[in-house]
Amino acid sequence: MMETTSSNLEVEARAGGRRTPLLSQRRFWRSVGDHTVLWLGVLFMLAPVLLAFLTSTHDAVTIHRDGLQFLPGDHFGETYEAVLFGATGFTGKATGLVMTFNSMVLGIGFAVGKIVISMMAAYAIVYFRIPFATLAFWVIFTTLLLPLEVRILPSYEIVQKMGLLNSYTGLILPLIASATGTFFFRQFFKSVPDELLEAARIDGAGPFKFFVDILVPMSKTMIAAIFIIMFVFGWNQYLWPTLITTDEGYYTLVRGIKQIIQVWVGANIPEYGQAMALAILAMLPPILVVVVFQRWFIKGLTESDK
Amino acid sequence: MKRVIFGSSWLPYAFLAPQILIVIIFFYLPAAEAVRASFYLENPFGGGSTFVGIDNYKDVLTDDNYVRVAKFTFWFSLLVTFFSLAIALLLAVKADTVLRGAKSYRILLMWVYAIAPPVAGLIGVLMFDQHVGPITDVAALFGYKMQIGVNYNDTAAAMIIISIWKQVPVNFIFFLSGLQSIPKAVREAAQIDCRSSWRRFWTVTFPMLAPTGFFLLIINITYALFDTFAVIDVVMKNEPGSNPMTLVYKVYLDGFRGSDLGGSSAQSVILMALVLLLTIFQFRMIERRVHYT
C-alpha cells in the first residue's frame, strides 16, 4: 500500500512536470500533505485493532510482563482454540462457538424480522387507503424519537412478565420496536412508479400477488442494503442482551465482553490474550460483511438516515 | 400518496398488525410505564407504591450527584461530537481530493463502523491500562502517571477518546458522500473564482455540506448521549464508584443496581424530553435546509 502511494506521487509529479515546474512542485507537496493526513487517519483507526490482534497471539504471562505486543507471537493456535472450543474462563460454560452462534441468531434474526415486519407495514401504509392510516403512521413513527435506553427498565419488566427472559424472542422482539425500517421502505415504495401497479392490475394481480411477485423482487437492492445495516446493529447490541440473558447458553459475543471485564477486576494475571481473541472474534463477522458488501452498506447507511 | 390504490380489504390490517403490536407492547407500554412510575414512590420491599406527585423530579434535579453527571454529560457530548465531526470532515475532504487510492482510503477509514462499542471499549481499556497499556507508557515518558479507573480526569479522557474513535467512520462516510454529491460544475466554477483552496473550502464546500453537517450533528449528539453506554460501562469496569458517567448510565445504575424506580423513571422522562427537543430542533433544521439545495 505504502509503495503504490509513493509511486502515485511520482507519477503525478512527473505528469505535472511537463507544465510549469513551480506549479507541479506545489502540487506535489500538497499531495504529500493530503496522503500524510490520510495515513495518520488510517493509523488512528487501524493501530488499536492491530495491536489487539497481535497481543492475542501471545500468552498471558508475556503480556503481563511486557505489555501489549507489537509483533506476532506463537500462541495464535492455542489462544483461539481455547477461546472457540473451551469455556473461556470468563464464562462458566459458554464457548466462543456457542456465543458466535447466538450472535448470528441475534444479528440475522433481528435483521430479517425487522425487514419482514417493516416491509409489510410500509406496504399497507403506502398502497392502501384505510381509516386511521394517519394514526397508524404516527403510532409507528413516534418510535423514531426514543431510543431503547431511555425506557430500559420498564421494557425489562414487560419482557420479564411475559416470561421471555433468556430466550431468543425476548432478545430480538423488543429491539424491533422502532420504525427505522418502515420509514426506509415507505420512502422507497413511494418512489416506485404508479404505472407498475396499473399494469399489474390490468394483468389481474391482486394486492398480495403484487407485493410478493413484483414489489419484493424490485426491492432486492434495498433489502440487501438495509439487511447489512440491521445485521451489524443487531450483532453489536450490548445493553439489552446484558439485561435479558443471565443464562450463559444465550450469551452473545458482545455480551461476553461484560463477563471479561467482571473477571478482570480481581484477577492476578488477567487472560489478556484470550480477551483480545474474543474481541477479535466479536468484530470479525460484522467487519467482513461491511467490507465485502461495501457498496450496499454505504447505500443502506446514507439512504436510511438511520 | 399513490394515485392508484388498492381497495381496502383485510390485507392492509393484517400487514400492519405485527408492527403495531410490537410497537405498542415494547414501545408505548414501557414509555407510559416510565412516565407513570416517575410520579410514584415504589416500596422497595414489594407491595404497592405511593403517589408522590413531582417529588421524584424535585429530588433528581436538586441532587448534587445528578447535576454533576449532567455537567459531565454535557462536556462529554460536546467533545465527542466536535472531535468526531472535525476529524471525519478533515479526512473526508482529503479523501475527496486525492486522485489515487481514494477507494482504499475509504475502506481503511470506514471499517471501524462495524466494531461494537463495548469491543472498542475493551480494546481501549487495554490501550490505557496501567500495567500493559502503550498509551500509559507514552504518558509516562512525559512524566505523567495515567490511572484509568482511579483518576477522574484520566478515565473521562479515555471514555472520550474511545467514543470519538468509534464515531469517526460514520461521519466520514456521510461527509464523503456529501462531498461527492457536490456537482462538478460548482466545483469547477469555484476553482476558477477562488485560487486559495482554504478559502474555497470555507466559502463553497462547507456551506454545501451544511445539510449533511446538521443531520450529523443530531446523530452525533444522540450517539454521545445513548450509544456510548457500552463504552462507559466497559471503561469503568463495572465499578461506578466516583467514575464519570453519562445521564443514561445513571438511569440504568439507579434503576437496576440502586432499585430506585421512581428516581430512575423520572430521569428517563427527563431524557425523553431532551430527545424530543433535539428532534424538534432537527425538523426545524431540515425545513430550513431546503434553502441550501
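Per chain, residues are indexed from 1 in the order of the written sequence. All chains are assigned letters beginning with A, and all ligands numbers beginning with 1, in the order in which they are written. Totals for whole chains, interfaces and linings use every residue, but because this is a predicted model, local features are given only for residues with pLDDT of at least 70 and side-chain atom pairs only at 80 or more, for both listing and counting. To get the side-chain values, take all heavy atoms of the structure and skip hydrogens and water.

S.K.: Describe the overall build of chain A, and please don't skip the residues or the numbers.
M.R.: Along chain A, the regular secondary structure elements total 16 helices and 0 strands. The buried label goes to any residue with under 20% of its type's maximum accessible area, the exposed label to any with over 50%, and the partly exposed label to all in between, with areas taken from a 1.4 Å probe on protein chains only. For chain A, the residues scored as buried account for 55% of the 306 residues in total. Values of accessible area rely on a 1.4 Å probe in the Shrake-Rupley scheme; residue burial ignores everything except the protein chains shown. As displayed, chain A has an accessible area near 13,600 Å², and 66% of this comes from carbon and sulfur atoms. A run of H or I in DSSP counts as a helix once it spans at least four residues, and a run of E counts as a strand once it spans at least two, with each numbered from the N terminus.

S.K.: Summarise the overall build of chain B; cite the residues concerned and give the values.
M.R.: On a plain count of helices and strands, chain B comes out with 12 helices and 2 strands. Reading chain B from its N end, one meets helices and strands in the order α-β-β-α-α-α-α-α-α-α-α-α-α-α. Projecting the C-alpha coordinates of chain B onto the three principal axes gives extents of approximately 75 × 75 × 30 Å. In chain B, which comprises 293 residues, the share counted as buried stands at 52%. Contacts are residue-level and defined by heavy atoms, with any inter-residue pair within 4.5 Å sufficient. When contacts within chain B are restricted to residue pairs at least 6 apart in sequence, those whose partners lie at least 24 apart make up 66%. With the model as given, the accessible surface of chain B reaches about 13,800 Å², and the carbon-plus-sulfur share is 66%. Within chain B, one finds 23 positive and 18 negative side-chain charges whose respective centroids are separated by 16 Å. Residues scored as positive are Lys and Arg, those scored as negative are Asp and Glu, and His as well as the terminal groups of each chain are ignored. In plain terms, the charge of a residue is placed at NZ if it is Lys, CZ if Arg, CG if Asp and CD if Glu.

S.K.: Can you lay out a nonpolar patch on the surface for me, pointing to particular residues and giving the numbers?
M.R.: Residues and elements named next belong to chain B. Judged by side-chain polarity, Phe74, Trp75, Leu78, Leu79, Phe82 and Phe83 come together as a nonpolar surface patch covering roughly 630 Å² of accessible area. Mapped onto the fold, Leu79 is located in helix H3 (residues 64-97). What makes Leu79 partly exposed here is its relative accessible area of 31%. Grouping into patches uses exposed residues only, defined as over 30% relative accessible area, and leaves out salt-bridged ones; the cut-off is 9 Å for like charges and 5 Å for nonpolar side chains (Val, Leu, Ile, Met, Phe, Trp, Tyr). A pairing counts as a salt bridge when a side-chain nitrogen of Lys or Arg comes within 4 Å of a carboxyl oxygen of Asp or Glu.

S.K.: Kindly report on the packing of aromatic side chains, identifying the contributing residues and their values.
M.R.: Aromatic rings from Phe, Tyr and Trp, taking only the six-membered ring of Trp, are treated as a pair when their centres fall within 6.5 Å; an angle between ring planes under 30 degrees marks them as stacked, one over 60 as edge-to-face, and anything in between as tilted. Enumeration over the complete set of coordinates arrives at 40 aromatic pairs over all chains. An angle of 45° between the planes, with centres 5.7 Å apart, marks the rings of Phe231(A) and Trp235(A) as tilted. In this pair, Phe231(A) and Trp235(A) are both assigned in helix H12 (residues 220-235), 4 residues apart and thus about one turn of the helix distant. Taking the relative accessible area as the measure of exposure, Trp235(A) reaches 0% and is therefore buried. Within the aromatic cluster, the residues linked to one another by ring pairs are Tyr123(A), Tyr127(A), Phe128(A), Phe184(A), Phe185(A), Phe188(A), Phe189(A), Phe208(A), Phe210(A), Phe211(A) and Phe15(B).

S.K.: Just give me the short version of a positive patch on the surface, but keep the residues and values in it.
M.R.: A cluster of basic side chains, namely Arg26(A), Arg27(A), Arg30(A) and Arg195(B), defines a positive patch on the protein surface. The residue Arg30(A) is located in helix H2 (residues 21-56) in this model. Classification of Arg30(A) by relative accessible area gives partly exposed; the value is 44%.

S.K.: Give a detailed account of helix H4 (residues 76-85) of chain A, specifying residues and quantitative values.
M.R.: All names here are of chain A. Along H4, the residues classified as buried are Thr79, Tyr80 and Val83. Buried residues of H4, viewed axially, fall in a sector of 90°; they line one side. Across H4 from its buried face, at more than 90 degrees, point the exposed residues Glu78, Glu81 and Phe85. Comment: arc refers to directions from the helix axis out to C-beta atoms.

S.K.: Can you tell me about unusual backbone geometry, naming the residues and giving the values?
M.R.: The phi dihedral of Asn166(A) is positive, around 55°, even though this residue is not glycine. On the secondary structure map, Asn166(A) appears in the loop between helix H7 (152-161) and helix H8 (168-176).

S.K.: Describe the nonpolar core, with residues and values.
M.R.: Formed by 186 residues in total, the largest nonpolar core has its most connected members in Tyr123(A), Tyr127(A), Phe189(A), Phe297(A) and Ile115(B). Each of domain 1 (2-85) and domain 2 (96-304) of chain A gives at least three residues to this core. Only buried Ala, Val, Leu, Ile, Met, Phe, Trp, Tyr and Cys residues count toward a nonpolar core, and they belong to the same one when joined by side-chain atoms within 4.5 Å. For the domains described, the bounds stem from an automatic or database domain assignment.

S.K.: Now, about the domain arrangement of chain A: what can you tell me, with residues and values included?
M.R.: Often the size quoted for an interface is simply the accessible area lost on bringing the parts together. Residue and element names in this part refer to chain A. When the domains of chain A are assigned, the result is domain 1 (2-85) and domain 2 (96-304). Computed from C-alpha atoms alone, the centre-to-centre distance between domain 1 and domain 2 is 34 Å. Listed as interface residues are 15 residues of domain 1 and, on the opposing side, 15 residues of domain 2. Values labelled buried area give the accessible surface lost by two parts on being combined, using a 1.4 Å probe and summing over both. Together, the buried faces of domain 1 and domain 2 total about 1,300 Å²; carbon and sulfur atoms form 82% of this surface. When the buried surface of domain 1 facing domain 2 is broken down by residue, His64, Val83 and Leu84 rank first, second and third, together holding 38% of it. Scanning the region where domain 1 abuts domain 2 turns up 0 salt bridges. Polar contacts, as counted here, are pairs of nitrogen or oxygen atoms within 3.5 Å of one another; within protein the pair requires one atom able to donate a hydrogen and one able to accept it, and residues that are adjacent in sequence qualify only if both atoms are side-chain atoms. Along the contact surface separating domain 1 from domain 2 lie 3 residue pairs in polar contact (both at pLDDT 80 or more).

S.K.: Describe in detail the pattern of salt bridges, supporting the description with residues and values.
M.R.: Residue and element names in this part refer to chain A. All told, the structure shown has 7 salt bridges over all chains when counted by the stated rule. Note that Asp213 and Lys209 form a salt bridge whose closest N and O atoms lie 3.0 Å from each other. Residue Asp213 and its partner Lys209 are located together in helix H11 (residues 207-218), separated by 4 residues, close to a single helical turn. Of the residues examined, Lys209 reaches a relative accessible area of 48% and is grouped as partly exposed.

S.K.: Explain the environment of Pro12(B) to me, and be specific about the residues and the numbers.
M.R.: With respect to the helices and strands, Pro12(B) occurs in helix H1 (residues 11-37). Every residue in contact with Pro12(B), bar those within four places of it in the chain, is listed here: Ala124(A), Phe128(A) and Ile130(A).

S.K.: Residues and numbers for the environment of Thr222(B), please.
M.R.: All names here are of chain B. Looking at the secondary structure, you find Thr222 in helix H9 (residues 197-227). Each C-alpha atom, one on Thr222 and one on Ser77, is 8.7 Å from the other, the two residues being 145 residues apart in sequence. Within polar-contact distance, the side chain of Thr222 engages the backbone oxygen of Ile218 at 2.6 Å.

S.K.: Provide a residue-level description of the interface of chain A and chain B, including the pertinent values.
M.R.: On the side of chain B, 90 residues touch chain A, which itself brings 109 residues to the contact. Across the chain A to chain B interface the summed buried area is about 9,700 Å²; carbon plus sulfur atoms make up 77%. The tally of links from chain A across to chain B stands at 2 salt bridges. A salt bridge links Asp233(B) to Lys258(A); its shortest N-O distance comes to 2.8 Å. Joining chain A to chain B, the criterion identifies 15 residue pairs in polar contact (both at pLDDT 80 or more). Examining the composition of the side of chain A that touches chain B, we find that 15 residues originate from one element, H2(A), more than from any other. Asp, Glu, Lys and Arg are counted as charged, while Ala, Val, Leu, Ile, Met, Phe, Trp, Tyr, Cys and Pro are counted as nonpolar; the rest, among them Gly, fall into the polar class. The class makeup of the residues in the side of chain A that touches chain B is 78 nonpolar, 17 polar and 14 charged.

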